[in-house]
Amino acid sequence: MDINEEAIVVSNIDYPLDGEQKEMLQWFEQAFGEHVPIFEFRNRAAVKRAFNEGVSIFGHDEECDQEDELRRLATYLIDNKGDLA
């Protein structure tokens, strides 16, 4: 079985970035940036609460500032699903 990377998802990002996070994000960009998009998700308690309730952030009654980035990832995967097979 082959595994094809379609996107890089980096989660639990905390701003301001510390040195380790900056280095990690730079490495992802250098290693994969020309090949696949990189999506960054900040560490948010609302996402954890939604997960603990067994729903996505979109099914949860709490707003989260990461919803747009999640939509961007979903749109990318849907738009490129023909390439994923």
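Residues numbered from 1 in each chain as written. Predicted model: local features only at pLDDT ≥ 70, side-chain atom pairs only at ≥ 80, totals over all residues. Heavy atoms only, no water.

K.L.:
Would you mind showing me how to read the pattern of salt bridges here?
P.N.:
It is possible for side chains of opposite charge to pair when their charged atoms get near one another. In total, this model carries five salt bridges according to the counting rule given. A salt bridge links Arg49 to Glu62; its shortest N-O distance comes to 2.4 Å. Highlighted residues: Arg49 in helix H2 (residues 45-52) and Glu62 in the loop between H2 and helix H3 (67-79), separated in sequence by 13 residues. Between Asp68 and Arg71 there is a salt bridge; the shortest N-O distance is 3.7 Å. Of this pair, Asp68 and Arg71 both sit in helix H3, three residues apart, roughly one helical turn. Overall, the relative accessible area of 58% leaves Asp68 in the exposed class. Taking the relative accessible area as the measure of exposure, Arg71 reaches 43% and is therefore partly exposed. Put simply, Glu67, Asp68 and Arg71 are held in one network by salt bridges that share partners. (Salt bridge = Lys/Arg side-chain N within 4 Å of Asp/Glu carboxyl O. Helix = DSSP H or I, 4+ residues; strand = E, 2+ residues; numbered from the N terminus. Buried < 20%, exposed > 50% of the residue type's maximum accessible area, 1.4 Å probe, protein only.)

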